[in-house]
Amino acid sequence: MILLYHGVIPNDSPVERLCVGQALTQMAFERHVKWLVSRYRIVSLEEYLEDKRKEAPRYGGPIALTFDDGFNSTFQCVFPFLVESNLPAAIFVSTGHLDGGELLWFSYLKALCFENLYPEVHVNSRIFPLRTLKQRKQSWVSLCALAKSSGSLIKFCKKMAETYPLPLEIQALYGGMTNKQVQQAVESGIIELGAHTVTHPYLAQISEADQKREIEMSQCVLGELSGKPIRYFAYPGGDYTRVTAKLVQAARFDASFAVISNNIAPDPFYEIERIGIYSPSLLKLKLKTLGITHWARQFGLRVG
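Rules used throughout
Every chain is numbered independently, its residues counted from 1 as its sequence is written. Only residues with pLDDT of at least 70 get local features here, since the model is predicted, and only at 80 or more are side-chain atom pairs given and counted; chain-wide, interface and lining totals rely on the full set of residues. Hydrogens and waters are ignored; side-chain quantities use all the structure's heavy atoms. Only DSSP runs of H or I reaching four residues or more are called helices, and only runs of E reaching two or more are called strands; each is numbered from the N terminus. Categorising residues by exposure relies on relative accessible area from a 1.4 Å probe, with only protein chains included: less than 20% of the type maximum marks a residue as buried, more than 50% marks it as exposed, and the intermediate range marks it as partly exposed. Any two residues having at least one pair of non-hydrogen atoms within 4.5 Å are treated as being in contact. In short, Shrake-Rupley with a 1.4 Å probe defines the accessible areas, and a residue's cover is counted only from the protein chains shown. Two cysteine sulfurs form a disulfide in these notes if their separation is within 2.5 Å. N or O atoms within 3.5 Å of each other form a polar contact, as long as, within protein, one can give a hydrogen and the other can take it, and as long as residues adjacent in sequence are counted only when both atoms are side-chain atoms.

**Student:** Teacher, can you tell me more about the overall build of the chain here?
**Tutor:** Along the chain, the regular secondary structure elements total 12 helices and 11 strands. In terms of overall dimensions, the chain has C-alpha extents of about 55 × 45 × 40 Å along its principal axes. By residue count, 52% of the 304 residues in the chain fall in the buried class. Here the contacts in the chain between residues at least 6 apart in sequence split such that 64% fall between residues at least 24 apart. For the chain, the accessible surface area stands at approximately 14100 Å², while carbon and sulfur atoms represent 53% of it.

This is the structure in C-alpha cells:
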C-alpha cells in the first residue's frame, strides 16, 4: 500500500491552516508513522515497486510513504523525523514554487481565504466574504470552482493576485522547498524526489503540448537541482488521461502515481493507486490500512 500525504504544518499553526488542503500537524503525522512502524514494514518506492512486479500487493504487506507538492513547511516538519527514524519516503515536487517561486494556484487561494488579509474579495461581479471561518470555507470552495472552470487555473489566480496581493511573509508560509532542502533530501539517502509538474494544473484539462511541457520541464528542473535521475511522476490531483500516461511513459519515468486508477494507461505501472491520508484521526488511518478504501473503490466509490 502507498500512502499519500500533502501538507504537514507546525503544531502551533492557527486552526485556519488546518481547514483545507489536507493539512495535518506535525504531531498528528508523527503519531501516524509511529503506529505504522509498529505494525508494518515501511519501504522505499523502489522496493515497493520491486515487490509489486513480483506479486500483487497485499494488505498487511509493506507500506510506502509519499508526499505531494513539495512544500517548504512539510519538509521542515517531516524531514528531521524521517531521518532520525531512518524511514524512506518520496516527495513529488511541483518545481514552479521552489526556492521562492510563484505560489501554486491553490496555495494562493488558501492564503487569500484563510490568512485574514481581506474582509472580502470581488471576482466577476461576485462578492466572496472572508470575515468568519464559515465564510472563508465557503469562499474557498467557490473560488476553487471558479478557477477550475476559468480555462486556466494559473492565469485566474495571477489576475486575482494583481488586485489581492499577498505579503511576502505569508507567501513564505505557503511556498515550496528551497534548493538547499532539495540537496538535503538527496544527501539523506532516504528521500526519493519525484516530479509533479511545474505549476500543478489538472493535466486532463490542458492541451497535449502543455501537458508534455509540464511533465518534461518538471523532470528536467528537478534533475538539474538534485543531480539525480528523476524516476517517478505523480499526477496533480490524481487527474490524467490515457494521453497523459503515454507522455509520462515517453519521458522515461519508471512509474507514475495516481490516487484512484482509471485503468486506462497502456501499462498499469503508469497509474499506480495511492491511499490519501487527509485526517489526523488514527482510527481512519487504521481503517484505510485494513483495506476499507480499496473495497469502497471496488464498489465504484471515488474514495481518495
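**Student:** Where do I start with the state of the cysteines in this structure?
**Tutor:** Such a bond, covalent and formed between the sulfur atoms of two cysteines, is termed a disulfide. With the rule as written, the count across this model stands at zero disulfides. Here C157 stays free of any disulfide, with the sulfur of C144 as its closest cysteine sulfur at 7.8 Å.

**Student:** Explain the environment of H97 to me, please; I cannot follow it from the model alone.
**Tutor:** Tracing the backbone through its elements, the reader meets H97 in the loop between β5 (89-93) and α4 (105-114). For the pair H97 and Y118, spaced 21 residues apart in the sequence, the C-alpha separation amounts to 23 Å. Apart from residues lying up to four places away in sequence, H97 is in contact with D69, G70, F71, E102, L103, L104, Y174, G175 and G176. Among the polar contacts listed, one links the side chain of H97 to the backbone oxygen of G70, at a separation of 3.5 Å.

**Student:** Even after reading the chapter, I still don't get α4, so can you show me in this structure?
**Tutor:** Every α-helix carries 3.6 residues per turn, so stepping three or four residues along brings you back to the same face. Counted residue by residue, α4 has 10 buried out of 10 residues, so it is predominantly covered. Restricting attention to buried positions, one finds in α4 the residues W105, F106, S107, Y108, L109, K110, A111, L112, C113 and F114. On the buried face of α4, the contacting elements are β4 (64-69), β6 (120-123), α5 (133-149), α6 (153-163) and α7 (168-174). One or two residues past the end of α4 sits N116, with phi positive at roughly 55°.

Shape is all these values report; function is a separate question.
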